[in-house]
Amino acid sequence: MRHHTRHIVAALAFLAAVALVPFGGHGAGAQERTPETGRASGPAIELVVEGLRGAGHVRAGAYGDARSWLGQTAAARCAAPVQGGRARCTIQLPSAGTYAIGLYHDADDDNELDRGLFGVPTEGYGFSRNGGGGLSAPGFAEAALQVAADALVRAVVRIRYGL
């Protein structure tokens, strides 16, 4: 039971941290867009989020190691409007490597993850590789994606609502 409780607390801490990360502007890893591809050169993750309800934006952060995972410091981030139950954005990464993505559906566009009783999210959330389940967030390794230099990796995430 103690192990299970720790995962619940870690998941809620992660969701709170993602809600606090600023999503506007370009991070330190932002690069120039290339005319051939319409995206910046360098490693990137094309994020597609499915199963969204209503309007608002998806806000996502890419975390570059297990120490920062479930924390407040994302290596890169993106935000995208919800259209027809989907959202799509490209996360331009600072370098090639291993990254895990955490995201939430900011349905009311207030730039924070809304929570109900006991801190349970009332807005949708998700993780790369659709990791985790039930009351626990995935570990970094479970959600990790390998991204090579100049590669564009596609990640499709199914949003979750409630526990």
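Starting afresh in each chain, residues are numbered from 1 along the sequence in its written order. Given that the model is predicted, a residue must reach a pLDDT of at least 70 before its local features are reported, and side-chain atom pairs must reach 80 or more before they are shown or counted; all residues, however, enter totals for whole chains, interfaces and linings. To obtain the side-chain values, all non-hydrogen atoms of the structure were used and water was disregarded.

### Describing the state of the cysteines
Let me state the cut-off plainly: The criterion for a disulfide is a pair of cysteine sulfur atoms lying within 2.5 Å. Under the scheme used here, helices are H or I runs from DSSP no shorter than 4 residues and strands are E runs no shorter than 2 residues, and both carry numbers assigned from the N terminus. Whether a residue is buried, partly exposed or exposed follows from its accessible area with a 1.4 Å probe, protein chains only, as a fraction of its type maximum: under 20%, in between, or over 50%, in that order.
For the coordinates displayed, the defined rule picks out one disulfide. The disulfide partner of Cys 78 is Cys 89, and the gap between their sulfur atoms is 2.0 Å. Note that Cys 78 is positioned in strand E3 (residues 76-81) and Cys 89 in strand E4 (residues 86-92), a separation of eleven residues in sequence. Under the relative-accessibility criterion, Cys 78 is labelled buried at 6%. You can call Cys 89 buried: its relative accessible area is 9%.

### Quick look at the pattern of salt bridges
Test applied: Salt bridge criterion: a side-chain nitrogen from Lys or Arg within 4 Å of a carboxyl oxygen from Asp or Glu.
The full count for this structure, using the stated rule, is six salt bridges. Measuring nitrogen to oxygen at the nearest pair gives 3.5 Å for the salt bridge that ties Arg 67 to Asp 65. On the accessibility criterion, Asp 65 (25% relative accessible area) is partly exposed. Members of the salt-bridge network, linked through shared partners, are Glu 46, Arg 88 and Arg 154.

### Describing the packing of aromatic side chains
Operational definition: Aromatic pairing here means that ring centres of Phe, Tyr or Trp (its six-membered ring) are within 6.5 Å. Orientation follows from the plane angle: under 30 degrees is stacked, over 60 is edge-to-face, and everything else is tilted.
Taken as a whole, this structure holds four aromatic pairs when the rule is applied. Plain terms: the ring middles of Trp 69 and Phe 127 are 6.1 Å apart, the flat faces sit at 65 degrees to each other, and that makes the pair edge-to-face. Taken together, the positions of Trp 69 in the loop between strand E2 (57-63) and E3 and Phe 127 in strand E6 (residues 125-127) put the pair 58 residues apart, joining distant regions of the chain. Under the relative-accessibility criterion, Trp 69 is labelled buried at 7%. Taking relative accessible area as the criterion, Phe 127 reaches 1% and is therefore assigned buried. Grouping aromatic residues by their ring pairs yields a cluster made of Tyr 63, Trp 69, Tyr 125, Phe 127 and Phe 140.

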